[in-house]
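# Examination of the molecular architecture
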Amino acid sequence: WTTTGDAWTWDGPTEIHPSVQPDHARLVVDMSQGPHRGRVYLAWNDVYDSFVRDQYAMFLQYSDDHGKSFSDPTLIDLQPGGKLVATEPVVLSDGTVLVTYYQYWNPLGDPRNERLPMFVRRSTDGAKTFSPPEKVFDFGPHIWPARRGEFPRAFSLPIVVADTSSTSPNRDHIYATWDDTRSGHSDIWFSRSTDKGRSWSPPLRVNDNTRNVPLGVADFRMTPVVAVAPRGEIGIAWYDRRGDPARRCWEYLFAFSIDGGQRFSANHTVSSAASCPPPSQGPGAYVHNLSPFDDDNGPPAPTTTVASTMDR
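As a starting point, this report considers the structure included with it. (Residues numbered from 1 in each chain as written. Predicted model: local features only at pLDDT ≥ 70, side-chain atom pairs only at ≥ 80, totals over all residues. Heavy atoms only, no water.)

## Details of the overall build of the protein chain
- Check the secondary structure of the protein chain and you find 1 helix and 17 strands.
- Its C-alpha atoms give the protein chain a radius of gyration of 21 Å, within 12% of the compact-globule value 20 Å for 312 residues.
- C-alpha extents for the protein chain along the principal axes are approximately 60 × 55 × 40 Å.
- Classification of the 312 residues of the protein chain by burial places 45% in the buried group.
- Relative to all contacts within the protein chain whose residues are 6 or more apart in sequence, the contacts with residues 24 or more apart total 49%.
- Looking at the protein chain as shown, the accessible area adds up to about 16300 Å², and 55% of this sits on carbon and sulfur atoms.
- Across the protein chain, the centroid of the 30 positively charged side chains sits 4 Å from that of the 37 negatively charged ones. (Helix = DSSP H or I, 4+ residues; strand = E, 2+ residues; numbered from the N terminus. Rg over C-alpha atoms; globule rule 2.2 N^0.38 Å. Buried < 20%, exposed > 50% of the residue type's maximum accessible area, 1.4 Å probe, protein only. Contact = heavy atoms within 4.5 Å. Areas by Shrake-Rupley, 256 points an atom, 1.4 Å probe, with all protein chains shown as cover. Lys, Arg positive; Asp, Glu negative; His and termini not counted. Charge placed at Lys NZ, Arg CZ, Asp CG, Glu CD.)

Printed below as a string of structure tokens:
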């Protein structure tokens, strides 16, 4: 859908009919002074291995008429075994396009999900050609296996943004934030690139809570987002349970950086009230499967051999 700017009236929708089922579409507009200013880039991944068995794909399309029509999909990457997931594409001040994405494996108990690789592909000619995929860093799962049943629909993943402001001293810096339990704690992490996505800083912990465990209940925080203000200030916000000793209620927290992400402020609660489950809903007991990853109690072979990798 598109609007002329007043946001009261909208034209559309434009329907895009790719050859495989699309998933997790993310878009960005080229706001540079380059030859493709105004181009809309749309990145997405396939839902499952419907095109080539056990091969997962990333695609990119673009529009030069304000989203009324889109180019045919360009195959950005095709990798075996683990699903590729689109995160935000970014466009730098010279028009360079970076397609960002990561990979995970099914089932979620696969030990490879302890280190999820993050990738970047870049184009300097408006998505006509791309450099080879660059693995830029990896991150861990955002939920401990023993607590996965508590968050069956909570799917948290890295959020990426570029500083494109002409009034920022950090123009063309790229920032990523995600939540991660790989350290044994639930934390919000931040990484930055000052060389247009080629190298990235070691992860910086944004949440400033002490890692105590009152009542023996593990803490959680998740779904961070990141944005950049015109003068380069960085803001990160996320949901957090630290304020409730029983770890049932959520508050919304915020931290900012005024030095390009080298340091972040103290965490501030910006929600006016906590979001809690209804009083009638008592605390739950979570039981998880202690069997090894290769479980002999799976479905029979005739069932799994005809299923897609993701369904298996």
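## Description of the pattern of salt bridges
- For the coordinates displayed, the defined rule picks out 17 salt bridges.
- Here Asp64 makes a salt bridge to Arg39, at a shortest N to O gap of 2.7 Å. In this pair, Asp64 is assigned in the loop between strand 3 (55–63) and strand 4 (74–80) and Arg39 in the loop between strand 1 (22–29) and strand 2 (40–46), connecting sequence segments 25 residues apart.
- Between Arg231 and Glu233 there is a salt bridge, with the nearest N and O atoms lying 3.2 Å from each other.
- Judged by its relative accessible area of 23%, Glu233 is partly exposed. (Salt bridge = Lys/Arg side-chain N within 4 Å of Asp/Glu carboxyl O.)

## What about the pairing of strand 3?
- Burial of strand 3 is extensive: 7 of the 9 residues sit out of reach of the surface.
- Strand direction decides the pairing type here: strand 2 and strand 3, joined by 6 bridges, are antiparallel. Following the sheet pairing, Asn45 is matched in strand 3 by Met58.
- With 6 bridges joining them, strand 3 and strand 4 adopt antiparallel strand pairing. Its bridge partner lying in strand 4, Leu60 is registered against Thr74. (Pairing = 2+ DSSP bridges.)

## Points about the nonpolar core
- Counting residues in hydrophobic clusters, the biggest one holds 21 residues, and the most contacted among them are Tyr102, Met118, Phe137, Phe139 and Ile174.
- Taken together, the elements giving at least two residues each to this core come down to strand 7 (97–104), strand 8 (116–123), strand 9 (134–139), strand 10 (159–162) and strand 11 (174–180).
- Setting aside residues no more than four positions away along its own chain, Phe139 makes contact with Tyr102, Glu114, Arg115, Leu116, Met118, Pro158, Trp178, Asp180 and Arg182.
- Counting 16 residues, the second largest nonpolar core, distinct from the first, contains Tyr56, Ala86, Phe119 and Ala127. (Core = buried A, V, L, I, M, F, W, Y, C linked by side-chain atoms within 4.5 Å.)

## Description of the state of the cysteines
- Applying the stated criterion across every chain, the model contains 1 disulfide.
- The disulfide bridge from Cys249 ends at Cys276, spanning 2.1 Å between sulfur atoms. Of note, the bridge from Cys249 to Cys276 carries an S-S torsion of about 115° and is right-handed in sense. Of the two residues, Cys249 sits in the loop between strand 15 (234–240) and strand 16 (251–257) while Cys276 sits in the loop between strand 17 (268–269) and helix 1 (301–304), which places them 27 residues apart along the sequence.
- For Cys249, a relative accessible area of 16% puts it in the buried group. (Disulfide = S-S within 2.5 Å.)

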